Amino acid sequence: MNKYDISNYVVQSNELITSEWKMDRITLKLFEMAVSAVDVGRKNVSNVVLLNKSDVFQMFQADDKDKYTRFNKHIKKLLNQVVEIKLQNDRLGAIVPITYIEWGSKYDDQRVELRFNELIMPYIVQLKEKFTKYKISNLIKLSSKYSIIIYKLAKMDYWKSSRIVYTIKELRKITDTTNEYQRFEAFERRVLKVAMDEINNGGTDIVISYEKIKVGRRITAIEFKVRDRLSYKDNDYFKPRSI
């Protein structure tokens, strides 16, 4: 049986990472936890994974008395979340990644069972090329959906180059903000700057910065700059700190 552990790696196809993520921040983190529980090293991989409620609370750093109530509310939302994936011949496919969830109603019943849609499995198992791998622990202190998405994009492209370029249109599509934050100033404040702050100060394994690319006076793209984090105090791309 596939089981979650904080030391697990998340493995996803690059197609999945660059899809349009319509999940909210909580369901996205729960999905990432579930993916990390899949034993991708096995030949016949089950589409059922096990989590513990205590693991979920650790991921969300939840220690208040209402955490079980919030868990019951949010775990069910996974069944309504959609990922929009690019297919061949300029077609799009919409997948509900999680199709069944089972959990205990009592506090002492910690077991949580999630079943992946079979259609999502080719994007997370038996991947030979064009996939990205990162430790699930890197996401613990990322509280924004946009921070998680941009972290994944950075990890996906970092092995090719420390400088990564995405058009504003591409970033809006992937972050599902095509119809939000219409002014660039709002997009930068709510998406880019939040992601930079959380990735750099949230204990991830990378440090990141960005520059705006202009055509004339119009901002058309963002160039991300990424490097490995040297220590837990290292949070400025331009001022590496090894101690």
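Details of the structure are given in the entry above.
Small disclaimer: the values here were computed from a predicted structure and weren't measured. Numbering of residues starts from 1 in each chain and follows the order in which that chain's sequence is written. Restriction of local features to residues with pLDDT of at least 70 applies here, the model being predicted, together with a cutoff of 80 or more for giving and counting side-chain atom pairs; totals for whole chains, interfaces and linings are based on all residues. By convention in this description, side-chain values take in all heavy atoms of the structure and omit both hydrogens and water.

1. Considering the layout of surface pockets
Buriedness of a pocket was judged along seven lines, with at least five required to meet protein on both sides within 12 Å; pockets are open sets of points on a 1 Å grid over the protein atoms alone, cavities are sets where a 1.4 Å probe fits but cannot get out, and lining residues have an atom within 4 Å of a point. Grid points are joined across faces, edges and corners, and a volume is the space filled by probe spheres set on the points. In this model, the largest pocket occupies a volume close to 430 Å³. Looking at the largest pocket, it is lined by 18 residues, and the ones nearest its centre are Thr-18, Ser-19, Lys-86, Lys-173 and Ile-174. We count a stretch as a helix when DSSP gives it H or I for four or more residues in a row; a strand needs E for two or more, and each element gets its number in order from the N terminus. When contributions to the lining of the largest pocket are tallied by element, the ones reaching two or more residues are helix H1 (14–17), strand S5 (83–86) and helix H6 (168–174). Sort the elements by how many residues they give to the lining of the largest pocket and H6 lands first, with 4 residues. Following the grouping adopted for this structure description, the nonpolar residues are Ala, Val, Leu, Ile, Met, Phe, Trp, Tyr, Cys and Pro, the charged ones are Asp, Glu, Lys and Arg, and the polar ones are all others, Gly among them. When the residues that make up the lining of the largest pocket are grouped by side-chain class, the tally is 6 nonpolar, 3 polar and 9 charged. For the second largest pocket, the calculated volume is near 290 Å³.

2. Some remarks on the packing of helix H2 (residues 25–36) against helix H5 (residues 145–158)
To obtain each axis, a line is fitted to C-alpha atoms, and for helices this fit is confined to the stretch in contact; angles are then taken between N-to-C directions over 0 to 180 degrees. Interhelical geometry of H2 versus H5 gives an angle of 40° and a closest axis separation of 8 Å. Judged on the interaxial angle alone, H5 and H2 are oblique. Of H5, the residues touching H2 (which contributes Arg-25, Leu-28, Lys-29 and Glu-32) are Lys-145, Ile-148, Ile-149 and Lys-152. Residues of the contact of H2 with H5, tallied by class, amount to 3 nonpolar, no polar and 5 charged. Any angle from 65 to 115 degrees is called roughly perpendicular, while one under 35 is roughly parallel, one over 145 is roughly antiparallel, and all others are oblique. It only takes one pair of heavy atoms within 4.5 Å for two residues to be counted as in contact.

3. A word on the environment of Ile-124
Among the structural elements, Ile-124 can be located in the loop between strand S8 (111–116) and strand S9 (131–135). Placed 66 residues apart in sequence, Ile-124 and Arg-190 show a C-alpha to C-alpha distance of 29 Å. Ignoring anything within four residues of it in the chain, the contact list for Ile-124 reads Val-11, Gln-12, Leu-16, Val-35, Val-38, Val-40 and Phe-116.

4. Digging into the sheet that holds S5
In this description, strands pair whenever DSSP reports at least two bridges between them. Read across the sheet, 3 strands follow the order S3-S5-S6 without closing on themselves; strand pairing throughout is antiparallel. Lying at the two open borders of the sheet, with one neighbouring strand each, are strand S3 (20–21) and strand S6 (92–95).

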